[in-house]
Amino acid sequence: MDKILEALVSSSHPLTIKRAIVKKVVEAAEKEVTEEQCQALYRLTARLILQGEDTFQQQVGQQVQEAYARFHRDEFARFLSKEFVLGLLQQGYGSLDRRDPAILDFLHGCLRLLLSCPAVLELAPLMQTEVLRMVCERPEAALCAKLAALLTDFPQCVPRDKAAVLFCQQLVRTFAHFQCPVGQEAELRRYVTQVSRVATLLQGIWKVEPATLLPSLQEVFAIISSTDPSFEPSIALASLVQHIPLQMITVLIKSLTTDQNVKDASMTQALSRMIDWLSWPLANHVDTWVIALLKGLAAVQKFTILIDVTLLKIELVFNRLWYPIVRQGALAVLSHMLLSFQHSPEAFHLVVPHVVPLVQSLQTDGLPTSKAFLLQFTELIHCMMYQYSGFPDLYDSILEAIKELPKPSEEKIKFVLNQSAWTSQSNSFASGLLRLTGKSETGKTGLVNLGNTCYMNSIIQTLFMATDFRRNVLSLHLNGSNTLMKKLQLLFAFLAHTQRAAYAPRSFLEASRPPWFTAGSQQDCSEYLRFLLDRLHEEEKTLRALQTAKPTVVSANAEGIGDCAAHSVNDTLSHSHTEPVDAEGDGRTLVERMFGGRLSTSICCLLCHSLSEKEEPFTDLSLAFCPSAPQSTVGPCQGAVNGGSENLEGPVKEAQSVERPAIEPALSLHDLLEYFLAPEILEEENCYFCERCGSLQRAERVMRVVTAPEYLILTLLRFSYDATCHVRRKILDNVGMPLRMCLPVHQHHASASNTAAVSSSSSSSMVQIDSPESGENLAKKLKPSRREEEEERLTDTGREGGIKGGRSGVHLVPYVLSSVVMHSGMSSESGHYYSYGRNMSGTDVCADATSIANSCSKNSETEAGLNNSGQSESFTASQDVVECGGQSSSEWFLFNDSRVTFTNFQSVQNVTSRFPKDTAYVLIYRKQDIGGQPGGTRGTVNSSKFNGEPPLHKDLMDAITKDNKLFLQEQELNARTRALQAASASCSFRPNGSDDNEPPGSCGPSGGGGGGGFNTVSRLVF
C-alpha cells in the first residue's frame, strides 16, 4: 500500500484521479493491516508531511496518517517512539533543521492522534526535557508560538517543580530575544499574535504553579535593568505585563525600590524600557505598572532617576499619543510624568512644540474616541501652562488651538498639581525612616527659623499674602540687580514655586536686618516691618534720582538705610538696568501705592482758637490701649529687659492660676481706633505753644486720616514701659478683630480765613524709624487728659468751626482683614511670633464691598462714624458677613515658621480666648472697592490666565529650577543615608504625638506655653 501511495503522489496523473485513488487508500484503513504495512505507511506519511514537494503531498500525508492512526492506534504509538521523537527534536528530519517549526507542528499533530492514550504520558518526561532545552536555545517567535500551542494542548509536557521555574525564566529570556520584523502590516500582526500565544502559555503556567511567578518577574527585571550596551531586550516583554496580577503591584514595587542591591543605573534602564513598552499594542496595564514604579521611586526619594528618565523619555511617550491603539495608556503615563515634574518647566517645554499638531489631528481625524481623549489632553496642557506661566511665546499658539475647549477650574488644577508632585507621593513603599518633607497639604511654603527670626518670618508671610503687593513685586523687571527689592522678589518667587516644605531666607535676612538688630537675638516684628518698608521706599526713591541725575557718588541720606543700602544701589546701577516701580506714573513708590496713607494733625488753641494743621504720610497706625480701660498685664517686675527666661514664681504665678472664660472680648479694634482718632486735650506739662498767643496754652489736638492706604497696617501697642521695674510689660487684653471694617477718611478743606495760621509739612521719609520705645512715645502723645468733659471745648464756636468743619467731608472706606501677626508670650523680650493669612484672589466670598459700604453708611451721620452705637455696624459690617466670610477651610492659613496649616477665621478670633498669652499684634486690612473687587493697582500687573499671578521672569525661574533640583537631590541623599542607618542598626520609634491641644505658637511639649495655659514654662522669641 505504501508503494502504491508513494508512486501515486509522485506521478503525473491529473489531480482528480490522484484524489480519487487517495480516497480509496483512506477507506482501506478500516481493514486489517499488518504491523509492517502500518509502519511503512506511517514512515511514508511522515515524509510527505515534513518534506512534501507541494501542498497536495502534505495534505495526502496528513489524511492517510490520521485515518490509519485512528484505526491502528497501537501501531501508531509504537511508530511514535521515544527514539523517533528524540531524533526529530535533536537532529531534525532529513533536510529539515530541528529548529524548523514544521517539526513541532508534526509532533503536535501526532500527539493529538494519541490523545488520551498512555503513550502520551510515556513521552511526557522526554518532552519536558526537550522543551526546556529548546527554550534555552532562544528560538524565534514563530517556533516559540508552535511550542506554546503544543504545550497548551498537552500540559503534561510542561516541565514541573524546579524545572518549571527554570523553564519560565528561560522562556522570559527568550522573549527578550524576539525580533520584531520590519515589513508589511500582515507580518507585524502575525508577530504580535505569536508573542501573545507564548505569553498566554506563561500565564497558564503561573496559574498552575504560582511558585514560578516571582522568579519569572525577577528575571524580567534582571533583563530590563541590564546595562550591557551590546544587548537591547525586545519590547515583546510588554506582553507579559497584562498577565501579572494587579494585586502584586505593591509587593513588587516595594521589593524593587527598597532593594539596596539595585543600582541607580540599573533602575534607570528598567524604568526606561518599561516606558518603551507603551509602544506594544494590545498589552493592558503597562501604564499602571509604569506609574506604580514612578510613584514608588518618588516615595523613596530617588529623584535623580525620575529626572533623568523623564527628560529622556517624555518625547517618546508623547509620540505614542498619535497611535489610537496605545493612546490611552500613553496619556496616563504622560500626565503623571509631566504633573509630577514640578521643579522645572524643562520636561513640559520638550513636548510643547508637538502639542498643536496633535490637537489639530485629534480635531479632524473623525474617530469616535478622539473627542473624549482631546478633553483629557487639553486639561493636562492647561495644568502645565498654569504651573509654568510666563512663556507667552510658547503658549500663544496652544491657547489658540484649544480656545474652544473647556478649561478646568483653578481649584481643580491646584488639586491635581498638589496630588501629583513627587513630594506628595505616599510613602507606603518605604520604611518608617524615609519620611518625605514636601509641601503641606495647603500648598504654601513655610520659612525656616534661622535663630530667633520668627519676627521676620511672620512679617514676610503677611506681606506675601498681600496679593496686590506680591504681584507687583513679582512683576518688576530687576534682572541682575542686588537691591533689597530684588531679594524680596526672589524670596516671594521661592515662596510661590519652591518644592521645599520650608525655605531658608538667609540672604534676605542679612540684607533686611536693621543695623541695630543683633544677629540671633529677639526682635520686635513691628519695628522690623517699619524698617523693611522704609528701606524699600527709600531704595526706590534713590534709584529714581540716580537714574535721572546719574551722579558719580551715591549718598544714602535716608534714615535707616545706611551703607548697606547705598552699596546695593551702587551695585544695581553698575550691573543692571532696573525698571522703575512707578507703574501708574504718579511719582509714588510701590510702598507708597500699597501701604501709604496720609494723616492730618490739627491743633486748636483753646484761648485764641487759632488752628495749625500738619499732614504727613504713614504706613502703619499704632493703636494704644485706653488707660481707663481694664487691662490684663503681667504682674509687677515680671520679665527681663534683656531677654532670658520669664520668672513664674510668687504672686505672678498666683495671678496666672485663673483661666479666662471663652467669652466675647471686652475690647474691639473699633475701640482702639476710636481712641486713636479721639480729640486730645494738651494741658499741664503737655501744653501747646501758641504762636498767636506767644505762650503755652491749653489746646485740643485731633488726628484724621485724609488718604486711605490700599493696605492698612494696624499695630496694637501691647508693650508699655514700667519705670519701676524697668521692663516693657505686655497688655494681654483680648481685642476683637472684625473680618470687615470701615475706616473714616476725611476730605481736607482748609478755609481761607485760616490759611495764614495753617502750616503744612511733610516728613522726608515715609516712616520714621524710632527707638524700640517709639510706639510707647506715640501712645503717650495720644493719651488725653483725665478730665472727661471739657466745657470750653464743647462751647467754643471758633474751635468747632475749625475742627468740625473739616469733618464735614467724612466718608467710610471699607476694608477686609488680610492677615494677622500674633505674639505668643508674656513680654516683648520673650515669646514667639506667628501669623494668620488669607487667600484674597478675586471677589471676596460671602459678601462684597458694596454691602460693607452700605452697612457703614448707616453710621456716617454720626461723628466720623465712630460713636459707640455704630460700633458693630461700622466696623464689622454684619455678624452674618463675619460668620460666613471666614469659615472656608482653604481660605485661611496659619504660618508658624516652617509649619503651614489650614485654619479658619473663627480660630483666628478665638485664639486669645483659648491661649491667653497669644495676642494679636499687627493686623493688615485690604481696601475694598465699592464694586466688590479688592482695591489696589491690579491693572498694573501682567496677570496670568487663571489667578492673576504675574509670570516669573527667566532669572527667577532659573533660580527656582536650580534649587528645586538641588532639593530633590538632597532628599534622595538623605533618604539613602537614613536607609543605610536603618539597615545597620535596629531603632525604635515612637509615633508623633498630636498637637491639636497645643497653642498655634507652641513649639511642642518641650518648648513650653506661648499662651498655652498658665502653668507652662515660658520660652524665648525664636
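Higher on the page you've got the structure.
About the cut-offs
- All residue numbers here refer to positions counted from 1 along the written sequence of the relevant chain.
- Under the rules for a predicted model, residues below a pLDDT of 70 receive no local features and side-chain atom pairs below 80 are neither given nor counted, while totals for whole chains, interfaces and linings still include all residues.
- Working from all heavy atoms in the structure, the side-chain values ignore hydrogens and water.
- Only DSSP runs of H or I covering at least 4 residues are called helices, and only runs of E covering at least 2 are called strands; the numbering of each starts at the N terminus.
- A helix's residues, less one, multiplied by 1.5 Å, set its expected span.
- Residue burial is assigned from relative accessible area. The probe radius is 1.4 Å, only protein chains are included, and a residue is buried under 20% of its type maximum, exposed over 50%, and partly exposed in between.
- Contact between two residues is taken to exist if any of their heavy atoms lie within 4.5 Å; hydrogens are not considered.
- Strand pairing is assigned whenever DSSP identifies at least 2 bridges connecting the two strands.
- The patch calculation keeps residues exceeding 30% relative accessible area without a salt bridge and links them within 9 Å when they carry like charges or within 5 Å when they are nonpolar (Val, Leu, Ile, Met, Phe, Trp, Tyr).
- Throughout, the Shrake-Rupley method with a 1.4 Å probe supplies accessible areas, and for residues the shown protein chains are the sole cover considered.
- The working definition used for a salt bridge is a side-chain nitrogen of Lys or Arg within 4 Å of a carboxyl oxygen of Asp or Glu.
- The criterion is simple. A nonpolar core is a set of buried Ala, Val, Leu, Ile, Met, Phe, Trp, Tyr and Cys residues joined through side-chain atoms within 4.5 Å.
- Here a pair means two rings of Phe, Tyr or Trp (six-membered ring of Trp) with centres within 6.5 Å. Their orientation is stacked below 30 degrees between planes, edge-to-face above 60, and tilted elsewhere.

(A) Broad picture of helix α7 (residues 101-113). Look at α7: 19 Å from first C-alpha to last across 13 residues, which is about the 18 Å you get at 1.5 Å a residue. Residues of α7 that are buried include every one of I103, L104, F106, L107, H108, G109, C110, L111 and L113, and no others. Close packing links the buried residues of α7 with α3 (35-51), α4 (55-71), α5 (73-79), α6 (82-91), α8 (118-136) and α9 (141-153).

(B) Layout of the pairing of strand β11 (residues 711-716). With respect to burial, β11 is a largely interior element, six of its six residues being buried. Note: strand β5 (residues 620-623) against β11, four bridges, orientation parallel. Among the inter-strand pairings, S622 is bridged to a residue of β11, identified as T715. Relative to strand β20 (residues 918-927), β11 is paired through five bridges, and the arrangement is antiparallel. Looking at the pairing, T715 lines up with V922 of β20.

(C) Structural context of a nonpolar patch on the surface. Taken together, the side chains of L282, W322, Y323 and I325 define a hydrophobic patch exposed on the protein surface, amounting to about 450 Å² of accessible area. Position of I325 relative to the elements: it lies in the loop between α17 (303-319) and α18 (327-340).

(D) Molecular detail of the nonpolar core. Among the nonpolar cores identified, the biggest contains 213 residues, and Y68, F175, F377, I460, F469 and F492 are the most heavily contacted of them. When sequence neighbours within four positions are dropped, the list of residues in contact with F377 reads F318, L321, L331, L334, V355, L358 and V359. Counting residues in hydrophobic clusters, the runner-up holds 40 residues, among them F618, L673, M703 and L894.

(E) Representation of the packing of aromatic side chains in the model. One pass over the full model with this rule turns up 24 aromatic pairs. When the centroid spacing of 5.7 Å and the interplanar angle of 75° are considered together, the rings of Y455 and F517 count as edge-to-face. Placement of the pair is Y455 in helix α23 (residues 454-465) and F517 in the loop between α26 (506-512) and α27 (525-549), with a sequence separation of 62 residues. The pair Y455 / F517 is uniform in exposure class, with both members buried.

(F) Geometry of the pattern of salt bridges. One pass over the full model with this rule turns up 31 salt bridges. E209 serves as the salt-bridge partner of R160, at 3.9 Å between the closest nitrogen and oxygen. With R160 in the loop between α9 and α10 (161-176) and E209 in the loop between α11 (185-208) and α12 (213-224), the pair connects residues that are 49 residues apart, well separated along the chain. The exposure class assigned to R160 is partly exposed, which follows from its relative accessible area of 35%. With relative accessibility at 16%, the residue E209 sits in the buried group. As a salt-bridge pair, E710 and K927 come within 3.4 Å of each other at their nearest N and O atoms. A residue pair is termed long-range when its members are at least 10 positions apart, and E710 in the loop between β10 (699-707) and β11 and K927 in strand β20 qualify at 217 residues. E710 sits in the buried class, given a relative accessible area of 14%. We classify K927 as buried; its relative accessible area is 16%. Look at the salt bridges and you will find they share partners, linking R98, R99, E130, R133 and E137 into a network.

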